[in-house]
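# Descriptive analysis of the structure
This is what each chain is made of:
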Amino acid sequence: MGDVAVGARSGHGPEEQPGRSDDAASPAATDPVVENGDGVDASSAGASESGDGESGTKQKKPRSFWKELPLLIVIALVLALVIKTFLVQAFSIPSASMENTLQIGDRVLVDKLTPWFGSEPERGEVIVFHDPDGWLEGEPTADPNPVQKVLSWVGLMPSADEKDLIKRVIGVAGDTVECKGTGPLKVNGKALNEPYVYPDNTPCSADNMGGTFKVKVPEGKVWVMGDHRQDSMDSRYHQNDVNKGFVPVDNVVGRAIVVAWPPTHWSTLPVPDTFDQSGINAAASAAPGALGLAGAVPLVLWRRRKINKSLTEGNTGVSATGTAG
């Protein structure tokens, strides 16, 4: 009924106001200012009359909060969907494979923006990625209700997509990653000091299922491992799949940047200092040096040839001068 009343008021002249005389419709300039029930003074209403004698429309009362609420909800859902799609998405941790860095039930926020600008995973980052080739086969999956599915889809709840995994990047394209016995884990021949590995776990696993390995990471792939080394079915144990245990960069959803829930577990997820130690990039740094050497060889040969030619021409000139003398 409120909407009808507002609509009926709009666009109509003074004939709607009962008890108002024709003289009242054209107040003199000296009349006192009197406010009507809507907070608009009568002199203003008279001043807004159009040339044909009709008065201006009354101001509409602001809509109540409950009438605005549906629109606010729609705007909030759209913004949440945009943020989840392009900026940040929440994921829940269902297993112990990343303990103690991440606990079961933790909620992490994943940066999805930087991959849009061509950024690729780096060593030491904790990443979320789509299942490369049946890594989750046989694992129990959650069965969210319809409301949870909708809220997860728009980003107001952690993702209900059970086809995503979370691990730490150990090797990137060009790296050689190696495990012998119980460790240490080596990247490009450099032993890693890994304080993030689960207490009492060994960096490598002495088994015949993949715990002992030496691989070179191909272009467009990364090698990932869980921090709970003896409780993580990671790249080591999928070397017989289509990707040989590597995770395609195209499968990476983004980097986990912070533990957002519960509040008692709140923390950031920076790259550990172990991946900044000298020597770990030796293989990568050797490549520019080799290219520089290869480019210098032709220059040196050309320079030597020019010097030899100059000396030869100089000797001929001396000989001729001597002869002429």
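How each quantity is defined
- Throughout, a residue's number is its position along its own chain's written sequence, starting from 1.
- With the structure being a predicted model, the display of local features is reserved for residues of pLDDT at least 70 and the display and counting of side-chain atom pairs for 80 or more, all residues being used for whole-chain, interface and lining totals.
- By convention in this description, side-chain values take in all heavy atoms of the structure and omit both hydrogens and water.
- Numbered from the N terminus, helices here are DSSP runs of H or I no shorter than four residues, and strands are runs of E no shorter than two.
- Categorising residues by exposure relies on relative accessible area from a 1.4 Å probe, with only protein chains included: less than 20% of the type maximum marks a residue as buried, more than 50% marks it as exposed, and the intermediate range marks it as partly exposed.
- Any pair of residues with heavy atoms lying within 4.5 Å of one another is described as a contacting pair.
- Per-residue and other accessible areas follow the Shrake-Rupley method at a 1.4 Å probe size, with only the shown protein chains counted as cover for residues.
- Polar contacts here mean pairs of N or O atoms no more than 3.5 Å apart (in protein, one a potential hydrogen donor and the other a potential acceptor; neighbouring residues in sequence count only if both atoms are side-chain atoms).
- By definition, a salt bridge exists where a carboxyl oxygen of Asp or Glu is found within 4 Å of a side-chain nitrogen of Lys or Arg.
- At least two bridges found by DSSP between two strands is the condition for calling them paired.
- Two rings from Phe, Tyr or Trp (for Trp, the six-membered ring) form a pair when their centres are within 6.5 Å of each other. A pair whose planes differ by under 30 degrees is stacked, one over 60 is edge-to-face, and the rest are tilted.
- As a reminder, the over-ring test applies to NZ of lysine and CZ of arginine, requiring each to be within 6 Å of the ring centre and within 35 degrees of the ring normal.

### As for the overall build of the protein chain
Scanning the protein chain from terminus to terminus reveals six helices and 12 strands. The buried share among the 325 residues of the protein chain stands at 30%. A separation threshold of at least 6 residues defines the contact pool for the protein chain, and within that pool the share at least 24 residues apart is 71%. Total accessible area computed for the protein chain in this model is approximately 20,100 Å², and 58% of it derives from carbon and sulfur atoms.

### Some points on the side chain of Arg-123
With respect to the helices and strands, Arg-123 occurs in the loop between strand 2 (107-111) and strand 3 (126-130). Judged by its relative accessible area of 13%, Arg-123 falls in the buried class. Of note is the side chain of Arg-123, whose polar atom sits 2.7 Å from the side chain of Asn-281. With residues near it in sequence (within four places) discarded, Arg-123 still touches Val-169, Ile-170, Val-172, Asp-175, Val-187, Asn-188, Val-271, Phe-275, Ile-280 and Asn-281.

### Quick notes on the pattern of salt bridges
Two side chains of opposite charge can pair, provided their charged atoms sit close to one another. Tallied over the entire structure, the rule returns six salt bridges. Across the pair Lys-180 and Glu-178 runs a salt bridge, and its minimum N-O distance is 3.4 Å. Assessed through its relative accessible area of 58%, Lys-180 is described here as exposed.

### Focus: the sheet that holds strand 6 (residues 186-187)
Read across the sheet, four strands follow the order 7-6-5-8 without closing on themselves; strand pairing throughout is antiparallel. Of all strands in the sheet, those with a lone pairing partner are strand 7 (190-191) and strand 8 (213-216), marking the two edges.

### Comments concerning the packing of aromatic side chains
Per the counting criterion, the structure on display carries four aromatic pairs. Here Phe-213 and Trp-223 contribute two aromatic rings whose centre-to-centre distance is 4.9 Å and whose plane-to-plane angle is 35 degrees, an arrangement assigned as tilted. Of this pair, Phe-213 sits in strand 8 while Trp-223 sits in strand 9 (residues 221-225), and the two are 10 residues apart along the sequence. Like Phe-213, the residue Trp-223 is buried in the burial classification. Judged by centre distance (5.4 Å) and plane angle (65 degrees), the ring pair of Trp-223 and Phe-246 falls under edge-to-face. Within this pair, whereas Trp-223 is found in strand 9, its partner Phe-246 is found in the loop between strand 9 and strand 10 (247-248), the two being separated by 23 residues in sequence. An aromatic cluster is built from Phe-213, Trp-223 and Phe-246, whose rings are joined through pairwise contacts. In this structure, Arg-168 is placed above the aromatic ring of Tyr-196, and the distance from its NZ or CZ to the ring centre is 4.2 Å.

### Here's the deal with the environment of Asp-273
With respect to the secondary-structure elements, Asp-273 resides in the loop between strand 12 (267-268) and helix 6 (282-324). By relative accessible area, Asp-273 is classed as exposed at 64%. C-alpha separation for the pair Asp-273 and Glu-194, spaced 79 residues apart in sequence, amounts to 9.2 Å.

### What to know about the environment of Ile-257
As for its position among the elements, Ile-257 is in strand 11 (residues 252-261). Distance from Ile-257 to Ser-267, taken between C-alpha atoms, is 8.8 Å for residues 10 residues apart in sequence. If we ignore the near neighbours within four places in the chain, the residues touching Ile-257 are Leu-109, Asp-111, Thr-268 and Leu-269.

Such coordinate-based values are descriptive only and should not be taken to indicate function.
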